[in-house]
Amino acid sequence: MNFDLSEQQRAFQHAARQFAADKMAPHAAQWDAECTFPIEVIQQAGEWGFCGLYTPEAAGGIGLSRLDASIVFEELSYACPSTAAYISIHNMACWMVATWATPTVVDQWSALLASGRKLASYCLTEPNAGSDAASLKTRANLINGQYCLNGAKAFISGAGSTDLLVVMARTGSEGASGISAFAVPADTQGITYGRCEQKMGWNSQPTRTISFDNVMIPASHLLGVEGEGFKIAMRGIDGGRINIASCSLGAAQAALDAARLYMGERQQFKRKLADFQALQFKLADMVTELVAARQIVRLAATKLDQRAPDASTYCAMAKRFATDVSFSVCNDALQLHGGYGYIREYPLERYLRDVRVHQILEGTNEIMRVIISRHLLNGVAPEEIR
Ligand SMILES: Cc1cc2nc3c(=O)[nH]c(=O)nc-3n(C[C@H](O)[C@H](O)[C@H](O)COP(=O)(O)OP(=O)(O)OC[C@H]3O[C@@H](n4cnc5c(N)ncnc54)[C@H](O)[C@@H]3O)c2cc1C
């Protein structure tokens, strides 16, 4: 067992760190304050390969492993968790299209998506189908060789600014097996977008509802086969959970580094904060938990790379643990800054606001516990989880 990054992984880490420091960090606070979706910077990230990280090379991506991709997302998030998180969702949608779309759709879209010239959204959640996503009601009926889409999606990241929507819709009866997935050009007639949601964080990316009113799409835009859509959505989101967990790690590392520096500078009672043992212990706990969280994320990513049968459970464990730990590290780092942590001159409050939603989306952390406990209680042998 070797926990060191390979030379190639170090090179990707270095490249992502440089991109994040040059192109994202200087603007992140402004994007947050002004709710700017930095499409040009995302497109530049695409030029560096960051929009199709684990999309196969044959479809225009750079074909990295999930572990490699995790390392890159962590670095991007160090500068701007919100923008990095959108890039991670785009990567997920890009991979889904490259993996399940028909050759015509792959030819038309994959290279554009992987290079960041076109952007994608992942559309599963509906106003009345969140955690219980398999109860979704958006309907796709096949009429004369075209699917007709009707329904509504909620909380869609990037919506209104993206070019392709990966939409899960019902083609069959109730339940997960009645759901299919589609690649839907975002400007198709009959699609309308709601107002940009006003959010606690993730302000550098829009979140909107989407309505489908008799939206006609060619049958060739079906991903996989009819009835496979929920499985495709879950396969996408397994990786998505690692990605979002990695974005949490990056933000927490940035918050921890800021706290460490601040403790060396700030003086109270004629001593540096770093001289108070209570605060030293706090910092020690923060870094210990962050290292543990990083390791579980990399373990889950490795399981996904190896297509291990328990990969989904590990993705759920990693997402639950890393997003909870990272939120807590950001919160502790804010506390270590005292009142300065609470004002916008320092980035701590932004990190905290941005990572909060990671405990909610891509399956809430309660749903992660449902997945983990189901695995544990449904007959898994004890040695399989050691
Ligand atoms: C900023 C933002 C961006 C998002 N981006 C996207 C996107 O791009 N694409 C997309 O498809 N979705 C997206 N989502 C939606 C997100 O995935 C959902 O919000 C999430 O899955 C939870 O669904 P819900 O909000 O309907 O909460 P609900 O499902 O109504 O849950 C409410 C509460 O009940 C708990 N709960 C529900 N069921 C159970 C249970 N069985 N056991 C225990 N607890 C339970 C939940 O954990 C939660 O705490 C986004 C959400 C946000 C806020």
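On a predicted model such as this, the values are computed, not experimentally measured, just so you know.

### Some remarks on helix α7 (residues 229–265)
Here comes step 1: Across its 37 residues, α7 extends 54 Å between first and last C-alpha, which sits within 8% of the 54 Å expected from 1.5 Å per residue.
Here comes step 2: Along α7, 30 of the 37 residues are buried, which leaves the element largely enclosed by surrounding structure.

### What about the pairing of strand β3 (residues 146–157)?
Here comes step 1: Relative to β3, strand β2 (residues 139–143) runs antiparallel, the two being bridged by 5 bridges. Following the sheet pairing, Asn141 is matched in β3 by Cys148.
Here comes step 2: Between the antiparallel neighbours β2 and β3 lie 2 residues, among them Asn144 with a positive phi of about 50 degrees.
Here comes step 3: Pairing between β3 and strand β7 (residues 207–218): 9 bridges, direction antiparallel.

### Topic: the packing of α7 against helix α10 (residues 348–356)
Here comes step 1: Between α7 and α10, whose axes approach to 10 Å, the crossing angle comes to 160 degrees. Classified by the angle between their axes, α7 and α10 sit roughly antiparallel to one another. Crossing of α7 against α10: the hand is left-handed. In contact with Ser248, Ala251, Ala254, Ala255 and Ala258 of α7, α10 contributes Leu348, Tyr351 and Val355.
Here comes step 2: Across the contact of α7 with α10, the residue classes tally to 7 nonpolar, 1 polar and no charged.

### Considering the site of the ligand
Here comes step 1: By nearness alone, 17 residues border the ligand, and Thr125, Ser131, Phe155, Thr364 and Glu366 come closest of all.
Here comes step 2: At 2.7 Å from a nitrogen atom of the ligand is found a main-chain nitrogen or oxygen belonging to Tyr122.
Here comes step 3: Between the ligand and the protein, one listed contact pairs a nitrogen atom with a side-chain N or O atom of Ser157 at 2.8 Å.
Here comes step 4: At the level of secondary structure, the elements contributing two or more residues to the shell around the ligand comprise β3 and α11 (365–377).
Here comes step 5: Broken down by element, the shell around the ligand gets its largest block of residues, 3 residues, from β3.
Here comes step 6: Classifying every residue of the shell around the ligand by side-chain character gives 9 nonpolar, 5 polar and 3 charged.

### Some thoughts on the pattern of salt bridges
Here comes step 1: Applying the stated rule across the entire model yields 14 salt bridges.
Here comes step 2: The partner of Arg320 in a salt bridge is Asp324, with the nearest N and O atoms 2.8 Å apart. Placement of both Arg320 and Asp324 in helix α9 (residues 311–336) is noted, with a separation of 4 residues, approximately one turn of the helix.
Here comes step 3: Salt bridges linked by common partners bring Asp32, Arg344, Glu349 and Arg353 together as one network.

### Points about the side chain of Arg241
Here comes step 1: As for its placement among the helices and strands, Arg241 is situated in helix α7.
Here comes step 2: Here Arg241 is buried and forms no salt bridge, its nearest opposite-charge partner Asp238 lying at an N-O distance of 4.3 Å.
Here comes step 3: Engagement of the side chain of Arg241 in a polar contact is seen with the backbone oxygen of Glu362, the distance being 2.7 Å.
Here comes step 4: Apart from residues no more than four positions distant in its own chain, Arg241 is found in contact with Cys315, Lys319, Glu362, Gly363, Met368 and Ile371.

### Some thoughts on unusual backbone geometry
Here comes step 1: If you check the backbone angles, Cys35 has positive phi at about 50 degrees while not being a glycine.
Here comes step 2: Considering the arrangement of structural elements, one finds Cys35 in the loop between α2 (28–34) and α3 (39–47).
Here comes step 3: Unlike most non-glycine residues, Asn144 shows phi in positive territory, near 50 degrees.
Here comes step 4: Within the fold, Asn144 resides in the loop between β2 and β3.
Here comes step 5: For Asn144, a relative accessible area of 79% puts it in the exposed group.

Procedures and definitions
- Residues numbered from 1 in each chain as written.
- Predicted model: local features only at pLDDT ≥ 70, side-chain atom pairs only at ≥ 80, totals over all residues.
- Heavy atoms only, no water.
- Helix = DSSP H or I, 4+ residues; strand = E, 2+ residues; numbered from the N terminus.
- Expected span 1.5 Å × (residues − 1).
- Buried < 20%, exposed > 50% of the residue type's maximum accessible area, 1.4 Å probe, protein only.
- Pairing = 2+ DSSP bridges.
- Axes fitted to C-alpha atoms, helices over the stretch in contact; angles between N-to-C directions.
- Parallel < 35°, antiparallel > 145°, perpendicular 65-115°, else oblique.
- Left-handed = near helix turned anticlockwise from the far one by under 90°.
- Contact = heavy atoms within 4.5 Å.
- Nonpolar A, V, L, I, M, F, W, Y, C, P; charged D, E, K, R; others polar.
- Near = heavy atom within 4 Å.
- Polar contact = N/O pair within 3.5 Å; in protein donor to acceptor, adjacent residues only side chain to side chain.
- Salt bridge = Lys/Arg side-chain N within 4 Å of Asp/Glu carboxyl O.
- Lys, Arg positive; Asp, Glu negative; His and termini not counted.

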